[in-house]
Amino acid sequence: MQARMFISTQISSATARVDVAEGVVIKAVGGSAVLDADADSKAATYTLGIVIGVNYAKSESDATVSVSSGADISADHDVVLSADSINAVSSKVKLFSTLKVGLGVAIAESYQHATVTVAEDAVLAAGGDVNIQALSDKSYAVGVSGLLRKPKFGLGLTFGVAESTADAIINGRVLADGNVRIAAETLTLENSSSVALEMDPPRQSQNALLGMAAFSAARSGLSAANSDSEDASASGQEALAALWGVAKLNLFKPSPAADGSSKGAITAAVALSSNTATATVGSTAQVDADGSVTVSAIAVDEPKTSALATTNVSNDVMSPKLTQGELSYAVTLSYAEHANASHATIDSGAVVNAGGLVDVRARTRLLHDVSAAEAWRFSDGAIAGLSTVLGA
């Protein structure tokens with residue numbers, strides 16, 4: 001984590017690659033053959049902005065396992081080809097200002113790719129299982145939050161781009177005495193874009209504090225005024241009269257003359273993200289397994305985008321008033337575009353032989369989605385609850 005004042009930037013990248021060249025022969029006698037590429041990149045920055053705060057973070061990770069044409073990999077136990085790409089990006093701004101303006105901007109970019117390819121005429125053979133997987137894990141957050149005192153104008157902006165892919169592509173021959181699993185997965189642990197500015201939040205002004213003190217004293221005065229004791233009653237009446245005089249002078253004094261001024265906040269959050277998982281048995285591929293064959297593509301995302309702006313018309317929570325002719329405004333924009341796709345394919349011309357189950361699956365899931373059945377159950381519950389409240 002990098003923390004700075006006013007302006008902060010961080011750019012990070014990680015690349016991991018395993019290549020088996022054309023014609024290479026690998027034999028794991030009495031063991032397993034494992035080809036593993038693991039790329040892990042992180043860019044995390046935090047900016048404390050006094051009047052102005054700008055933050056930029058970018059992270060890239062790329063993991064690749066490639067078996068070239070003519071290569072031969074065999075093992076008495078398992079053969080494992082794995083590409084794991086892990087990427088984390090955090091770009092945050094905390095903004096404070098007691099001047100007339102405040103500006104907070106946070107930008108984040110995240111790119112990650114996991115790829116496993118077995119070329120035509122390459123051979124993978126295992127006495128156990130063959131596991132081929134491409135996995136992309138992403139954590140992504142960009143945000144601006146601000147508290148502005150006595151401002152005239154506040155601006156908060158966030159912009160984020162995130163791209164994640166996972167590809168497992170088989171064009172050669174795969175042989176297993178056990179099971180064959182070909183999987184591509186993109187998993188988003190966090191995907192959030194948010195901006196929030198609060199302009200001149202209410203606070204307990206001198207008038208408000210005086211009002212609370214007057215209320216407390218009034219309770220005592222009323223109690224004394226209703227007392228059976230003449231002295232206590234007279235004292236209570238005098239206290240109430242004095243408090244009323246103070247109230248007229250302080251709590252109900254007229255608002256200051258209008259000066260035609262204005263104050264306001266504008267916030268915008270823009271988020272663009274894509275997640276694509278592709279598992280393919282190509283047209284030149286042949287897969288033979290004594291057990292099951294699984295071809296799986298899964299894309300999971302949980303996007304959250306929000307924009308908030310508040311402008312208070314008065315600092316006095318006891319007697320909020322907007323000066324005549326004064327303009328107070330708050331404008332927000334939240335725009336998000338999320339493209340998620342999963343593709344599990346056995347191409348024309350491919351040969352798949354399994355002693356057990358052949359399972360080809362594609363799953364795309366947005367975790368904030370609500371199914372039609374869930375929506376129906378919710379609406380039924382809401383209607384029933386409303387009927388109960390109304391006494392129907």
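Residues numbered from 1 in each chain as written. Predicted model: local features only at pLDDT ≥ 70, side-chain atom pairs only at ≥ 80, totals over all residues. Heavy atoms only, no water.

What to know about the overall build of the protein
And step 1. Within the protein, the secondary structure is distributed over 3 helices and 20 strands.
And step 2. Relative to its 392 residues, the protein shows a buried fraction of 40%.
And step 3. Relative to all contacts within the protein whose residues are 6 or more apart in sequence, the contacts with residues 24 or more apart total 85%.
And step 4. Here the protein has roughly 19300 Å² of accessible surface; of this, 56% comes from carbon and sulfur atoms. (Helix = DSSP H or I, 4+ residues; strand = E, 2+ residues; numbered from the N terminus. Buried < 20%, exposed > 50% of the residue type's maximum accessible area, 1.4 Å probe, protein only. Contact = heavy atoms within 4.5 Å. Areas by Shrake-Rupley, 256 points an atom, 1.4 Å probe, with all protein chains shown as cover.)

Structural notes on the nonpolar core
And step 1. With 43 residues, the main nonpolar core has L81, V130, I132 and V180 as its most contacted residues.
And step 2. When residues in this core are grouped by element, the largest group, 4 residues, is from strand β4 (residues 33-50).
And step 3. The residues contacting L81, other than those within four sequence positions of it, are L35, V65, V67, V116, V118, L124, N131, I132 and Q133.
And step 4. Counting residues in hydrophobic clusters, the runner-up holds 12 residues, among them A57, V93, Y140 and V195. (Core = buried A, V, L, I, M, F, W, Y, C linked by side-chain atoms within 4.5 Å.)

Considerations on the sheet that holds strand β6 (residues 72-75)
And step 1. As summarised here, the arrangement of the 6 strands in space is β3-β6-β9-β12-β15-β19, forming an open sheet in which the pairing is parallel. What marks the edges here is a single partner per strand, and that holds for β3 (25-28) and β19 (351-354). Direction aside, neighbouring strands of the sheet carry axes that sit 5° apart on average.
And step 2. Sheet topology note: the strand β15 (residues 286-289)/β19 ladder contains 4 bridges and is parallel. Paired with Q286 across the two strands is V351, which belongs to β19. (Pairing = 2+ DSSP bridges. Axes fitted to C-alpha atoms, helices over the stretch in contact; angles between N-to-C directions.)

Thoughts on the side chain of T158
And step 1. Within the fold, T158 resides in strand β11 (residues 153-170).
And step 2. Not counting the four nearest positions on each side in its chain, T158 is found in contact with A106, V142, G143, V144, S194, V195, A268, A269 and V270.

Notes on unusual backbone geometry
And step 1. The backbone of V51 sits at a positive phi, close to 75°, despite the residue not being glycine.
And step 2. Inspection of the secondary structure assignment puts V51 in the loop between β4 and β5 (52-67).
And step 3. Backbone geometry places D121, a non-glycine residue, at a positive phi of 75°.
And step 4. Along the chain, D121 falls in the loop between β8 (101-118) and β9 (123-126).

A short note on a nonpolar patch on the surface
And step 1. A cluster of nonpolar side chains, F6, I7, I50 and F96, forms an exposed patch at the surface whose accessible area comes to about 350 Å².
And step 2. Take I7: it is sitting in strand β2 (residues 7-20). (Patch = residues over 30% accessible without salt bridge, like charges linked within 9 Å, V, L, I, M, F, W, Y side chains within 5 Å. Salt bridge = Lys/Arg side-chain N within 4 Å of Asp/Glu carboxyl O.)

Section: the confidence of the model for the protein
And step 1. Scored by pLDDT, the protein comes out at a mean of 80, with 73% of its residues at no less than 70.
And step 2. For residues 369-392, every residue scores under 50 in pLDDT, and the model assigns this stretch 2 contacts once sequence neighbours within four places are set aside. (pLDDT = per-residue confidence, 0-100.)

Focus: the pairing of strand β7 (residues 79-97)
And step 1. Pairing of β4 with β7 involves 18 bridges; the strand directions are parallel. Across the sheet, the residue bridging to L35 is L81, located in β7.

Here's the deal with the environment of G146
And step 1. Its place among the elements puts G146 in strand β10 (residues 130-148).
And step 2. C-alpha of G146 to C-alpha of I50: the two residues are 96 residues apart in sequence and 9.8 Å apart in space.
And step 3. Ignoring any residue separated from it by four or fewer positions in sequence, one finds G146 in contact with L95, A196, L197 and E198.

Side note on the pattern of salt bridges
Pairing between side chains of opposite charge can happen when the charged atoms of each approach one another.
And step 1. Under the criterion given, the structure shown has 6 salt bridges.
And step 2. One salt bridge connects D19 with R17, and the closest N-O pair in it is separated by 2.8 Å.
And step 3. Taking relative accessible area as the criterion, D19 reaches 48% and is therefore assigned partly exposed.
And step 4. Note on R17: relative accessible area 54%, which makes it exposed.
And step 5. The shortest N-O distance in the salt bridge between E302 and K304 comes to 3.9 Å.
And step 6. Taking the relative accessible area as the measure of exposure, E302 reaches 27% and is therefore partly exposed.
And step 7. The class of K304 is exposed, set by a relative accessible area of 51%.

A short note on the side chain of D167
And step 1. Its location among the elements puts D167 in strand β11.
And step 2. Each residue touching D167, except ones within four places of it in the same chain, is listed here: A114, T115, V116, A134, A184 and T278.

Brief notes about the environment of I169
And step 1. By the secondary structure assignment, I169 is in strand β11.
And step 2. Taking the C-alpha atoms as reference points, I169 and T117, separated by 52 residues in sequence, lie 4.9 Å from one another.
And step 3. Excluding residues within four positions of it along the chain, I169 makes contact with V116, T117, V118 and T280.

Here's the deal with the environment of A16
And step 1. Mapped onto the fold, A16 is located in strand β2.
And step 2. A relative accessible area of 13% means that A16 is categorised as buried.

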